[in-house]
Every structure is written in C-alpha cells, then in structure tokens.
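The primary structure of each chain is shown beneath.
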Amino acid sequence: MGTKPILPLLVSMSVPSILSMLIQSLYNVVDSIFVAWLSNDALTAVSLAYPLQNLVLAVAVGFGVGINAYIARNLGEGNQHRVDQAASMGVIFTTIHAVIFILVGLFGSEPFLRMFTDDPEILQMSVNYTRIVICLSFGSLYHIFIEKLFQAVGNMVVPMILQGVGAIVNIILDPILIFGMFGLPAMGVTGAAVATVTGQMTACGLAVFCFLRTRTGIRITRKDMKIDAGIAKRIYAVGVPSGLMTAMPSLLVSILNALLVGLHALAVAAFGLYFKLQTFVYMPGNGLIQGMRPIVSYNYGAGQGRRLHLVIRWSLALTAIIMALGTLIAWGVPRQIMGLFDADEAMIAVGVPMLRITSLGFLVSTLGTVMAGCFEALGKGLYSLSISLLRQLLVIPPLAMVFSLSWGLNGVWAAFPVAETLAALVAVLLYRK
C-alpha cells in the first residue's frame, strides 16, 4: 500500500470490494423482487422494515470502518500490538451490539412499525419479517466485523467471496421459502426473512473459518479481550459518525414515509424500491471508497502525503464514472427497472419520474461520498458526518415538504439532487480547509 503505483493499487483494492458491495445490495432487493410477486401489500411490509434493517447495517459498518481505519493507520506506523488489541476488542463490542439488537427486535419492532401503518395485514407481515431479521442479525454483525479486518490489511478478495456466498444462499432460498417448493410450506414474507438471515449466518461462519485459516497478520487473543478506553475512543470517533451516516437513510425513510403516505397510496412502496435500487449505484461507489480508505489511512500513517492526494483524485474520477452510468440507466430504462418488481401501470406512473428526478443527484454526489470516505480514513469523523447530514437529513425533509406543496410527489424527489449539490460544495470547502 505504500509503494505500488496508485491506479493499479486502487483498482486491485476496489474491484473485489465493489463486487462485494453489489452482492450485498442483492439481499434486500432480491427479497423485494420475490415478495412483490405476492402483492403490493407484501412489498410495503418489507419496505417498512428497511429502516431497522439499515440500522443493523449502520452499526456493523460504522464500527467496522472505525476499526478498519485504526488498524490500517497503526499498520502504517508499524504498531502491531495496537493492531492486535483493537481486533480483540472488536469481538467484545460486536457481541454487545448483537445483544442490543435482539432486544430491539423483540420489543421495538411492533411499536416502530405501528407509526407507519394501521393496516392489520401489512403490520403483521412487517412485524414477522422485522423481528426475524433484527433478532438474528448477529450473523451480519460478526461477518462485517471480520470482513473489515481483511480489508484493513489489503485483502479484498475474501470479503467478496463471503458476500457472494451469503447472497447466493439468500437467492436460492427466497423462492423456496416464500412460495413453498420441494415440499416445504409457503411462508410468504416470513420466508424472505428466514432466507436473509440464513445467508448472513452462512457468510459469518465462512468468515470465521477464513480468518482462522488465513495469515492476515492480525491476532485475536483472549488476553487482549479487555476494553482499552483510549483505543475504543479512537475507533468510535470514526465509527459513530460513519454509523450515523449509514443510519441516516433509515431516519430519512421514516420521515419521508410519514409525508408520502398522505400524498399517494403507492408512494411508500415506490420509495422503498428507490432506496433498494439506488444501492446498485452507491454500493459500487462505496466499494471503491472501501478500497481507497485503507490506502489513505496507511499512507497518512506513513507520512506519504503525495500518494494520499493521488489516491483521492483517482477515487473521484472512478466514482464519477460509476455515478454517471447510474444516471444514464435511470433515464434510459426506468420502466424496465420497475418491471423487475412486477410493477403495474399505477406503480410505474409513480416510479418512472421518481427514478429520473432523483438520479440527477448521482453525479454531483461524487464529491460528497469520496470526501466523506477520505475524512474517515484520516480520523476526521465529524467532517464526514457533517457532509452526510447535509446529504440525507438536514436538507431533504424540509425541502421535500415545501416542494410537495407545489409539485406533489415530484417535489419530494426534487429535494434529493438539491441536497447532493449543497453537500458537494461543503465537502470541497472542508477538503481545502
């Protein structure tokens, strides 16, 4: 990470991570595709569960990013003892996170979902789905923790394989459990949840096996499984802002669902589809940033400022290409995209303008997403958080409410590119600072 030419290094670090993130996107999207064949109500039930599902991902990825940046930076400084301490402490904190989500799933799912629907059938389907994917999320939490350890030492291939295996298991089991095949009972939405957690647990088991059998240079030992306040503070200083950034879509979806439910009967389901579909644009970009982050952290720790800036410039260029492709697809084949979810004409009438308007923010979001990843790698978690707050929370809800008064649903969608533009301007100012 300190000597190889920048572009080949960035590509070799990023391509496996991009493929891994694309595969990760398949989990909820595949659930939605199969569930949509049941009914629009079933699709709405799964969409309502998205904020809590994303909260699990936020905690797992946020903590993982924090420990990834800390380990990579200390590897650059040559401090092996701190690397091993951080990895060992990670086991303790991941276990604590898992217990918290069991409690959230058991006692928080139904009260949360009741805020967004009073339809008893939709509520019951959504509660069944949510409790399973949240209470049994420990597979995802441990899997992502171990994945970030591999990425911290520059191994991006193993995380890609882990994600691939989990997604394949989910894809195979979805139709079998949802519709009842090979003599199994049809479980409907509950079957989609069981397929999801089975895929996650499979990836987790494989992650543990690979870590124990692969020479990563990171050692997890019982004697280091004690909390060091200084290390924990540094990990969470990056991890909490990063987790909040990942969690913001959950809060945004919850806020906008409350607005959308009064504008159009199918708006909540359509918006749920948007958040699943946009992951196919942003996940590759995030995958590239995952490849960038340990390189930036390592070279920052090693004092190689010139290489650090080259990494950032190439990351901006490659991410811009990904975002431009996403915009072209959203404008070129929106009806075909909606057709993947067996959308009828009413759903297509809502979904096509939604995809075209929101996609106008993809390209300009390049600056916000890459700069946020750069700041995380440098330990500037609050800078990253400020950019993400602008992109997803401070601007979109108030603008959506104001714009919807004049333009209805299209006004809600127009708030997205405006927010990305403001966040990009702030990102450039913070980078120059």
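For the structure itself, look to the data block above.
Residues numbered from 1 in each chain as written. Predicted model: local features only at pLDDT ≥ 70, side-chain atom pairs only at ≥ 80, totals over all residues. Heavy atoms only, no water.

Caption draft 1: Broad picture of the overall build of the chain. For the chain, the count of helices and strands is 17 helices and zero strands. Computed over the C-alpha atoms, the radius of gyration of the chain is 21 Å, within 12% of the 22 Å expected from 2.2 N^0.38 for a compact globule of 433 residues. Dimensions of the chain along its principal axes, counting C-alpha atoms only, are 60 × 50 × 35 Å. For the chain, the proportion of its 433 residues judged to be buried stands at 58%. Residue pairs at least 24 apart in sequence account for 82% of intrachain contacts in the chain once pairs closer than 6 positions are excluded. When the accessible surface of the chain is summed, it comes to about 17,000 Å², and 69% of that surface belongs to carbon and sulfur atoms. Of the side-chain charges in the chain, 25 are positive and 17 negative, and the distance between the mean point of each set is 19 Å. (Helix = DSSP H or I, 4+ residues; strand = E, 2+ residues; numbered from the N terminus. Rg over C-alpha atoms; globule rule 2.2 N^0.38 Å. Buried < 20%, exposed > 50% of the residue type's maximum accessible area, 1.4 Å probe, protein only. Contact = heavy atoms within 4.5 Å. Areas by Shrake-Rupley, 256 points an atom, 1.4 Å probe, with all protein chains shown as cover. Lys, Arg positive; Asp, Glu negative; His and termini not counted. Charge placed at Lys NZ, Arg CZ, Asp CG, Glu CD.)

Caption draft 2: Region of the structure containing the packing of aromatic side chains. Applying the stated criterion across every chain, the model contains 15 aromatic pairs. Ring geometry for Phe 34 against Trp 37: centres 5.2 Å apart, planes inclined by 85°, an arrangement best described as edge-to-face. On the basis of relative accessible area, Phe 34 is assigned to the buried category, the value being 13%. Seen in terms of ring centroids, Trp 37 and Phe 179 are 6.2 Å apart; in terms of plane orientation they differ by 25°. Their pairing is stacked. Separated by 142 residues along the polypeptide, Trp 37 in the loop between α1 (6–36) and α2 (40–77) and Phe 179 in helix α6 (residues 157–179) bring together distant segments of the chain. Counting every residue linked through ring pairs, the aromatic cluster contains Phe 63, Phe 93, Phe 145 and Tyr 236. (Phe/Tyr/Trp six-rings, centres within 6.5 Å; stacked < 30°, edge-to-face > 60°.)

Caption draft 3: Focus on the side chain of Asn 299. By the element assignment, Asn 299 lies in helix α10 (residues 279–301). Judged by relative accessible area, which is 1%, Asn 299 ranks as buried. Dropping the residues within four chain positions of it, Asn 299 is found in contact with Met 1, Gly 2, Gln 304 and Arg 307.

Caption draft 4: Fine view of helix α15 (residues 381–394). Taken as a whole, α15 carries its principal kink of about 35° at Ser 388. Buried within α15 are the following residues: Gly 381, Ser 384, Leu 385, Ile 387, Ser 388, Leu 390, Arg 391, Gln 392 and Leu 393. In the core, the buried residues of α15 are packed alongside α8 (229–260), α10, α14 (365–377), α16 (396–407) and α17 (409–432). (Bend = angle between axes of the 7 residues up to and from the residue.)

Caption draft 5: Up close: the packing of helix α5 (residues 138–152) against helix α7 (residues 189–213). Running from N to C, α5 and α7 cross one another at 35°; their axes reach a closest spacing of 8 Å. α5 and α7 meet at a crossing whose hand is left-handed. Of the residues in α7, those in contact with Phe 138, Gly 139, Ser 140, Tyr 142, His 143, Ile 146, Leu 149 and Phe 150 of α5 are Gln 200, Met 201, Ala 203, Cys 204, Ala 207, Val 208, Cys 210 and Phe 211. (Axes fitted to C-alpha atoms, helices over the stretch in contact; angles between N-to-C directions. Left-handed = near helix turned anticlockwise from the far one by under 90°.)

Caption draft 6: Region of interest: the state of the cysteines. Taken as a whole and judged by the stated rule, the model has zero disulfides. In this structure Cys 204 is a free cysteine whose sulfur lies 11 Å from that of Cys 210, the closest cysteine sulfur available. (Disulfide = S-S within 2.5 Å.)

Caption draft 7: Main features of helix α13 (residues 345–358). An ideal rise of 1.5 Å per residue puts 20 Å on 14 residues; α13 measures up with 20 Å between its terminal C-alpha atoms. Within the span of α13, buried status applies to Met 347, Ile 348, Val 350, Gly 351, Val 352, Met 354, Leu 355, Ile 357 and Thr 358. Structurally, α13 contributes buried residues whose contacts are with α2, α9 (267–277), α11 (305–332), α12 (334–339) and α17. (Expected span 1.5 Å × (residues − 1).)

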